[in-house]
Amino acid sequence: ISASQGWAALSCALCDISSINKTFLSNHTLQTIRMRSVELPHCLVSFLKLNKIHRGKAQVAAVNKILMHHADFNMDSFFECGLKMLPFVIDWFERAKDFPRDFEANLEQREVSAMFQFVQEFPLLCVAQEA
């Protein structure tokens with residue numbers, strides 16, 4: 001295994017951006033890697049820094065990694081449950097608003113986009129009925 005492959009594997013373990021779920025399940029606790037005479041790749045340093053800033057709060061690190069690396073949230077996997085998942089999605093965004101971060105997350109825009117996807121999928125369930 002080459003050094004670049006090793007760094008890529010470690011980077012993926014700290015923040016697998018192949019899906020939101022894999023990002024959430026990545027390691028959010030490792031904070032430091034020390035090696036003599038070796039400069040760590042920038043992305044690895046940023047993931048370790050994020051873990052260190054939110055030490056003891058892995059959920060905050062996970063949410064921030066998701067917000068940093070996933071611009072659009074595809075809600076398709078929630079649709080098989082109908083609108084039952086919508087309160088959980090709304091709650092996730094509300095909790096994420098309270099988490100500290102040093103980047104622009106555009107949470108309101110993402111929340112509206114997620115809700116719009118639900119309305120598109122279930123238009124008849126989202127229309128107000130006349131009396």
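Look up: the structure comes first, before these words.
Residues numbered from 1 in each chain as written. Predicted model: local features only at pLDDT ≥ 70, side-chain atom pairs only at ≥ 80, totals over all residues. Heavy atoms only, no water.

Draft legend 1. Fine view of the pattern of salt bridges. Under the defined criterion, the tally for this structure stands at three salt bridges. Notably, a salt bridge pairs lysine 97 with glutamate 94, separated by 2.9 Å at the nearest N-O pair. Taken as a pair, lysine 97 and glutamate 94 lie in helix α5 (residues 86–97) at a separation of three residues, close to a single helical turn. What makes glutamate 94 partly exposed here is its relative accessible area of 38%. Two residues, glutamate 111 and lysine 97, come together in a salt bridge whose shortest N-O distance is 3.0 Å. A residue pair is termed long-range when its members are at least 10 positions apart, and glutamate 111 in helix α6 (residues 107–121) and lysine 97 in helix α5 qualify at 14 residues. (Salt bridge = Lys/Arg side-chain N within 4 Å of Asp/Glu carboxyl O. Helix = DSSP H or I, 4+ residues; strand = E, 2+ residues; numbered from the N terminus. Buried < 20%, exposed > 50% of the residue type's maximum accessible area, 1.4 Å probe, protein only.)

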